[in-house]
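One letter stands for each residue in the lines below.
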Amino acid sequence: MTTITEPDTHHDALASVRRSRDRRPSRWLFTLLIGAIAIAINIPLLNAILVSMKPDGEIARNPIGLPQNATLDHYANVLYASGYDFPKFFVNSAAIAIGTVILVLVIAVPATYAIVRLGFGGRWIIDSASGLRLLPAIFFVVPFFILFSNLGLQDSIPGLILANTFLNLPLAIILLAAGLRDIPTEVEEAGSVDGAGIFRTLYSIVLPMLASTVVAVAVLVFIFSWNDYLFALVLSSSNATPVTLGASNFVTSTGIRWGDISAASFLSTLPPLLFAVFAQRYLVSGLSAGAVKG
Amino acid sequence: MLSKKIGAIGALLVSATMLAGCAGGGSNGDDGDGTGTVKMVAWPGPEGDAMKKVVDAYNAGQGKEDDITVDLVLLSRQDTFSKETALMSSKSSEVDIYWTASYNVGQFSPSLEPLDDIDTSNYFPVATEGLTYNDKLYALPLDVSNHFLLYRQDLIDGLLNDPAAVEEYKAISADVLGEEREPADPQEWDLDDFKAMSAYFSTSTNPDSPTQYGTILQAKNLLYNTMIWNDVLWGYGGNWAEDGTATLDSEEGKKAVQLYADIYTNKWTSPDSAQAEFPETQAALQSGNVAFAMQWSAAFAALNDPEQSPDVAGKIAIAPVPGGQTHVHALSVSLNKYSKNKAAAKTLLSYLATTDAMTAYAEAGGIPAMPDVLSANESLNPAFGKVSESISDYGYSEPVFPKTFQAYSAIAEALSGAWVGQTPVDEAVKNANESLQELLD
Amino acid sequence: MAQTLAHRKKNAAALLLSVPLVVFALVFVAYPLASGIATAFTSKSLLDPTEAFNGVDNFVSIFAKPAFLNAAGFTALFAAVVVACEMVLGFGLALLFDRKFPGKKLFFTLTLLPIMIAPALLGIMFRLLLNEDIGAIPALLQSVGLSVSLFSPSSVIPLLVVLDILQWTPFTFLIIYAGLQSFPRELLEASSVDGAHFFRQLWHIVLPVLKPVLFAAFFLRAIDAIRTFDVIYVLTAGGPGTTTTTLSIYIYKVAFEQGDFGKAAAASLVVLICLLPFVPFIVKRIASTGMEGK
């Protein structure tokens, strides 16, 4: 497990193949290549950051360059000056996203293990879960509204957590099922010969091996529930409004407030970014691989 | 094994459907005791901002006497009606006062409570008429929206005062229209002038043009863009329908589509205008890349604000839409039929219908549909005069029927391909006419 | 006897592990699903709130006009192209990242950034970035002498494809990369001794082992691509005409512009019914449930 923080070259699946060719200077070539790709796909965000610092009059005048009269007005508008309670929107979004991640994992991890390894219900459960994701969100949004109105969950954080759990469970089950299939059953059988119960096998043998998948699921579920729009639009009105809805208030009846919405878009990527940074040490280091190798 | 599963799922669905039957509002709302919280929706922009100030003032003053607190929720411009549609379809009582407009009040009317006992004598009669459906008033008007021709005074002056340019314009107009024309003041333009001027101010036809494109057409497949195209249709003397029969395939209808297609395919508007709407039109005018455009009344202020539009502020002038016809609609507020607090909501609506409330609304940046308030406050906003004038002299309204809202959308869908020369005009007009006829029936 | 006891224990554990999923499904899946299905057979709309049963009228009206089939055709083509590109690029990117190089952690996070912007906001960012008058990309192209009309009818579809790839390749990348991390390295190390060629290894060892993960990434991405909505809706609203109308845009307009919830639910169901037969076929390749052969 020492490999968590400092992976050795064996760690990278295919790196060993190329090890003989892998000389240090050439690694910088990968840095350059990947850096170029990473910057290219982030042009929309980089542009948003630039626009968010330009005064209104400069946005049309100076589309490419750095801000000539940099301003933080748009950030002030987002955070307090515009009359919208963005700090609250951020707290709402964070609570919804974190709550959804926890609930999805609590439901999906044991259930997927039971389905895939213990033969609970059979594959049709996964088939049906996948089928649910095939339906457009619009199909569910009005029934959810009626259900939540009756249960008193309308315009509440728990309500949106439940709705996002609904949206993301299929994704979690599919990914976890795929991840479980990667783990050789011999490992678990060895564990059960040792006398470990099913729960202990799951907790102390399977979960560590499944960790990178679990983390990937957590990251994706966090992102997807952070970014949810349609359900939030219908299922929240004031108490549980998330950032995505709040930001779209800058699309006004007299045009789009480009600077403000750029600032809001940029700020709204920061929490998922932080979550990914926190999670990526498990992803990048490949915790599961470390466990396999002992 | 399989049949057992299917049986189990079936049983689950049946029981859930029964649950569904029991759930879902169903009640017809409640008058309430006339006090408490009234929840109201608005969209962001000058109208929502003004309403917020009016509501804040009400909560601090009159509301205390009435024992009513108003909770104003802002939804984004594009989502307000989607959200309301979802609420209405589930007979929700969540919101007491809906944000509506004359173009969708017919569609929303089954979920709205008529407001016949409220005094509406202070409004423009045309504004309340547009919100009346089957002889019942379903909404109180707030702002009135219409279109203007926004143009670059400096560029037009440059043309009118330069004999060489006038000659060039004459040659181009002969080419474009088949008859030579003198350049005219935009206040006097008809749709032929609009076409020839678009050509003159485009580098594709006139390499010396000061702007790359003469105009920008709002040609995106969007129901609001149908409203602008309607100005051309009405300007040519056309209409959507006569006596319940759709007439989009008339000569006027074809001419109106053809004008868009000619301007687009000759590059007198940018190829990108195939996806243009309000913000793109603002960007084109702000950047100085076009000489004029048909645009919404609300756009003018930002274009003449040196902070927002440093390149063109002070150079933009305003004229009636070429052809002399402008679509007019009113934004409005309506009472939810399923509200649980109708009496209190009506108290608030009656307050909003007073000149006091609408004066406060005008002071906060709105353009209320009350002639007396507008004329008393012309010092606040010089556009107030223009609004009154355009409503009385140039305004027309599209036919009002339950599916008006759908009709705007269906027409944009059928015609937007032809606006940009992608679909033949005759075919597009025929499709649009069929769609409209279905909605009229 | 001992075996049945173990078997029973296993079943009890499976049941216990599945309790959260079952409870959630009973409360939050059954009702919305049933309610949605029921709506498809009613006249429920804004103009007719009676919700009267109208048999298959909604289904007939969907097929009465070419709009639905046109949308289905565009959606299928769009989804096929973007998913194919995103799988290849995501896999390539995962292989590129599967080694040590300076700045790996930074670029890993940066590469995931595009999926952290809410699609609804990203659409608006694209609208600014690509605007010919005030956008950075046209200004940049113009500064090197290129004049391209990105939104003209002939270039708008390729543009939408490129934007989707920019946005969603990070998604396939993340899933495939996480899969690579749980890859049994012994396989590679054994074969690398033979000096087996890189691509042969890729084909014969990596791809077969990664198959479940690749299918999972493909499947999830395909489902979401078929439901594509936000960016296209913001940029083109489905036009010019109906040339870029996806199924989700079609259904959204039926529900929210026409206010016809019965027809929208029916259209959703038609999509589901057409796609459902493919689901078991793909899920089989993602998840072995221990039920195979039974």
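Every chain's residues receive numbers from 1 upward, in the order its sequence appears when written. Naming scheme: in the order in which they are written, chains are lettered from A and ligands are numbered from 1. The model is predicted, so local features are restricted to residues of pLDDT at least 70 and side-chain atom pairs to those at 80 or more, both for listing and for counting; the totals for chains, interfaces and linings are taken over all residues. Remark: hydrogens and water are excluded; side-chain values derive from all non-hydrogen atoms of the structure.

- An unreviewed UniProt entry lists chain B under the name Multiple sugar transport system substrate-binding protein, with Mycetocola miduiensis given as the organism.
- UniProt positions are given in the numbering used here, feature names are shortened, and annotations may be inferred rather than shown by experiment. We quote the UniProt Sequence similarities (unreviewed entry) comment for chain B here in full: "Belongs to the bacterial solute-binding protein 1 family."

- You'll find chain A entered in an unreviewed UniProt entry as Carbohydrate ABC transporter membrane protein 2, CUT1 family, with Mycetocola miduiensis given as the organism.
- Recorded in UniProt for chain A, the comment headed Sequence similarities (unreviewed entry) runs: "Belongs to the binding-protein-dependent transport system permease family."
- The UniProt entry for chain A carries this comment under Subcellular location (unreviewed entry): "Cell membrane".

1. Side note on the overall build of chain A
- A helix here means a DSSP run of H or I that spans at least four residues, while a strand means a run of E at least two residues long, and both kinds are numbered starting from the N terminus. Tallying secondary structure elements over chain A gives 14 helices and two strands in all.
- Put simply, chain A has 294 residues, and 65% of those count as buried. Type-normalised accessible area, obtained with a 1.4 Å probe on protein chains alone, sets the label of each residue: buried when under 20%, exposed when over 50%, and partly exposed for intermediate values.

2. A word on the interface of chain C and chain A
- The contact rule is simple, with two residues in contact once any of their heavy atoms fall within 4.5 Å. Residue-level contacts link 116 residues of chain C with 116 residues of chain A.
- As a working definition, buried area equals the accessible area (1.4 Å probe) given up by two parts on being put together, with both sides summed. Approximately 10,700 Å² of surface area, both sides summed, lies buried where chain C meets chain A, with 76% of it carried by carbon and sulfur atoms.
- Just to be clear on terms, a salt bridge is a Lys or Arg side-chain nitrogen sitting within 4 Å of an Asp or Glu carboxyl oxygen. Counting across the interface, chain C meets chain A through one salt bridge.
- Polar contacts, as counted here, are pairs of nitrogen or oxygen atoms within 3.5 Å of one another; within protein the pair requires one atom able to donate a hydrogen and one able to accept it, and residues that are adjacent in sequence qualify only if both atoms are side-chain atoms. Connecting chain C to chain A are eight residue pairs in polar contact (both at pLDDT 80 or more).
- Looking at the side of chain C that touches chain A, the element that brings in the most residues is helix α1 (residues 2–39) of chain C, giving 21 residues.

3. Some thoughts on the packing of helix α8 (residues 163–177) of chain B against helix α9 (residues 191–200) of chain B
All names here are of chain B.
- Only the stretch in contact is used when a helix axis is fitted, and all axes are lines through C-alpha atoms; the angle between N-to-C directions ranges over 0 to 180 degrees. Contact geometry for α8 and α9: axes closest at 9 Å, N-to-C directions at 115°. Pair α8 / α9 crosses with right-handed handedness. Contacts between α8 and α9 pair A165, E168, Y169, I172, S173, V176 and L177 from the former with D192, D193, K195, A196, M197, A199 and Y200 from the latter.
- All residues other than Ala, Val, Leu, Ile, Met, Phe, Trp, Tyr, Cys, Pro, Asp, Glu, Lys and Arg, Gly among them, are scored as polar; the first ten of these are nonpolar and the last four charged. Of the residues that constitute the contact of α8 with α9, the class distribution is nine nonpolar, one polar and four charged. In a left-handed crossing the near helix is turned counterclockwise from the far helix by less than a right angle, and in a right-handed crossing that turn is clockwise.

4. What about the domain arrangement of chain B?
Residue and element names in this part refer to chain B.
- In terms of domains, chain B is made up of domain 1 (36–138 + 328–396) and domain 2 (147–326 + 402–440).
- Facing the 14 residues of domain 1 at the interface are 17 residues of domain 2.
- Across the domain 1 to domain 2 interface the summed buried area is about 1,500 Å²; carbon plus sulfur atoms make up 65%.
- Sorting the residues of domain 1 by area buried against domain 2 places Y103, Y394 and Y396 first, and these three jointly supply 47% of that buried surface.
- Summed over the shared surface of domain 1 and domain 2, the result is zero salt bridges.
- Linking domain 1 with domain 2 are six residue pairs in polar contact (both at pLDDT 80 or more).
- Of all the secondary structure elements, the ones that give two or more residues to the side of domain 1 that touches domain 2 are α5 (105–108), β13 (326–336), α17 (383–393) and β14 (395–396). Either an automatic procedure or a domain database provided the assignment from which the domain bounds are taken.

5. Focus: the nonpolar core
Residues and elements named next belong to chain B.
- Residues belong to a common nonpolar core when they are buried Ala, Val, Leu, Ile, Met, Phe, Trp, Tyr or Cys residues joined through side-chain atoms within 4.5 Å. Residues M40, W229 and W240 are the most contacted members of the largest nonpolar core, which totals 354 residues.
- Built from parts of two domains, this core gets at least three residues from each of domain 1 (36–138 + 328–396) and domain 2 (147–326 + 402–440).
- Apart from residues lying up to four places away in sequence, W229 is in contact with L248, G253, A256, V257, Y260, I411, L415 and W419.

6. Details of the interface of chain C and chain B
- Counting from both sides, the interface comprises 44 residues of chain C and, opposite them, 49 residues of chain B.
- When residues of chain C are sorted by the area they lose upon contact with chain B, L46(C), L47(C) and E257(C) head the list and together hold 18% of the total.
- Inspection of the chain C/chain B interface yields four salt bridges.
- Across the chain C-chain B interface, the total number found is 20 residue pairs in polar contact (both at pLDDT 80 or more).

7. Description of the UniProt feature "transmembrane region" (unreviewed entry) in chain A
Residue and element names in this part refer to chain A.
- Residues annotated by UniProt as "transmembrane region" (unreviewed entry) correspond here to residues 28–50, 94–120, 132–153, 159–180, 201–223, 229–251 and 263–284.
- For residues 94–120, the helix share is 85%, the strand share is 0%, and the end-to-end C-alpha distance is 34 Å.
- Taken end to end, residues 132–153 has its terminal C-alpha atoms 22 Å apart, with 82% of it in helix and 0% in strand.

8. Focus: a nonpolar patch on the surface
- Two joining distances apply to patches: 9 Å for like charges and 5 Å for nonpolar side chains (Val, Leu, Ile, Met, Phe, Trp, Tyr), and every residue must have over 30% relative accessible area and no salt bridge. Accessible surface is estimated by sampling points in the Shrake-Rupley manner with a 1.4 Å probe; for residues, cover comes only from the protein chains shown. Where nonpolar side chains cluster on the molecular surface, the patch consists of L151(A), F199(A), L16(C), V19(C), V22(C), V23(C), L26(C) and V27(C) and spans about 680 Å² of accessible area.
- Here the element with the most residues in the nonpolar patch is α1(C); it accounts for six residues.
- Along the chain, L16(C) falls in helix α1.
- What makes L16(C) exposed here is its relative accessible area of 53%.

9. Some words on the packing of aromatic side chains
- Here the aromatic set is Phe, Tyr and Trp, taking the six-membered ring for Trp, and pairing holds for ring centres within 6.5 Å; pairs whose planes are under 30 degrees apart are stacked, those over 60 apart are edge-to-face, and all others are tilted. According to the stated counting rule, one finds 52 aromatic pairs over all chains in the structure shown.
- Taking the centre distance of 6.2 Å and the plane angle of 85° together, the rings of F148(A) and F28(C) count as edge-to-face. Of this pair, F148(A) sits in helix α7 (residues 137–151) while F28(C) sits in helix α1, which puts the two residues in different chains. Each member of the pair, F148(A) together with F28(C), is buried.
- Each ring, one from Y103(B) and one from Y408(B), has its centre 6.3 Å from the other, and the planes form 80°; the classification is edge-to-face. Placement of Y103(B) in the loop between β3 (97–101) and α5 and of Y408(B) in helix α18 (residues 404–419) is noted, with a sequence separation of 305 residues between them. Pair check on accessibility: Y103(B) and Y408(B) agree, each one buried.
- Members of the aromatic cluster, connected to one another through ring pairs, are W43(B), F81(B), W99(B), Y103(B), F108(B), Y224(B), W240(B), F405(B) and Y408(B).

10. Topic: helix α10 (residues 198–227) of chain A
All names here are of chain A.
- An ideal rise of 1.5 Å per residue puts 44 Å on 30 residues; α10 reaches only 36 Å between its terminal C-alpha atoms.
- Think of it this way: the bend at a residue is just the angle between two axes, each fitted to seven residues, one set ending at that residue and the other starting at it. Approximately 60° is the largest bend angle found in α10, and it occurs at A211.
- With 22 of 30 residues buried, α10 lies mostly within the body of the structure. By definition here, a helix of n residues has an expected span of 1.5 Å times n minus one.

11. A short note on the pairing of strand β7 (residues 140–152) of chain B
Residues and elements named next belong to chain B.
- Counting buried positions over the 13 residues of β7 gives 13, a clear majority of the element.
- In the sheet, β7 pairs with strand β11 (residues 290–296) via five bridges, with the strands oriented antiparallel. Among the inter-strand pairings, H147 is bridged to a residue of β11, identified as W296.
- Between any two strands, at least two bridges found by DSSP are needed for them to pair. Taken together, the four bridges between β7 and strand β12 (residues 316–319) define a ladder with antiparallel strand orientation. By the bridge assignment for β12, L149 is matched with A319.

12. Quick word on the packing of helix α8 (residues 157–182) of chain A against α10(A)
Residues and elements named next belong to chain A.
- Where α8 meets α10, the closest approach of the two axes is 10 Å, and the angle between their N-to-C directions is 150°. Classified by the interaxial angle, the pair formed by α8 and α10 is roughly antiparallel. Classified by chirality, the crossing of α10 by α8 is right-handed. Along the contact surface, α8 presents N164, N168, L171, A172, L175, L176, G179 and L180, while α10 presents V206, L210, T213, V214, V217, L220, V221, F224 and S225.
- Per-class residue counts for the contact of α8 with α10 are 12 nonpolar, five polar and no charged. In what follows, roughly perpendicular refers to angles from 65 to 115 degrees, roughly parallel to angles under 35, roughly antiparallel to angles over 145, and oblique to any angle outside these ranges.

13. Here we look at the side chain of T165(A)
- By the secondary structure assignment, T165(A) is in helix α8.
- Its relative accessible area of 0% is what places T165(A) among the buried residues.
- Residues contacting T165(A), with those up to four places away along its chain left out, are T100(A), L103(A), V104(A), I107(A) and F24(C).

14. A closer look at the confidence of the model for chain B
All names here are of chain B.
- On a scale of 0 to 100, pLDDT captures the predictor's confidence in every residue. Averaged over every residue, the pLDDT of chain B is 90; the share at 70 or more is 94%.
- Helix α11 (residues 251–265) holds the highest mean pLDDT among the elements of chain B, 98, whereas helix α1 (residues 2–22) holds the lowest, 52.
- pLDDT under 50 marks residues 20–26. Its contacts with residues more than four places away, or in other chains, come to 10 contacts.

15. Here's the deal with the pattern of salt bridges
Residue and element names in this part refer to chain B.
- Enumeration over the complete set of coordinates arrives at 23 salt bridges over all chains.
- In this structure, D56 and K52 form a salt bridge, with 3.5 Å as the shortest nitrogen-oxygen distance. Of this pair, D56 and K52 are both found in helix α2 (residues 46–60), four residues apart, which corresponds to roughly one turn of the helix.
- Residue D56 is classed as partly exposed on the basis of its relative accessible area of 38%.

16. Section: the environment of F89(A)
Residue and element names in this part refer to chain A.
- In this fold, F89 is placed in helix α5 (residues 86–116).
- Along the backbone, F89 and P242 are 153 residues apart, and their C-alpha atoms lie at a distance of 4.7 Å.
- Those residues in contact with F89, other than ones at most four positions away along the chain, are Y84, T241, P242, V243 and G246.

17. A word on the side chain of T269(A)
- Residue placement: T269(A) occurs in helix α13 (residues 258–285).
- Dropping the residues within four chain positions of it, T269(A) is found in contact with L45(A), L113(C), M116(C) and I117(C).

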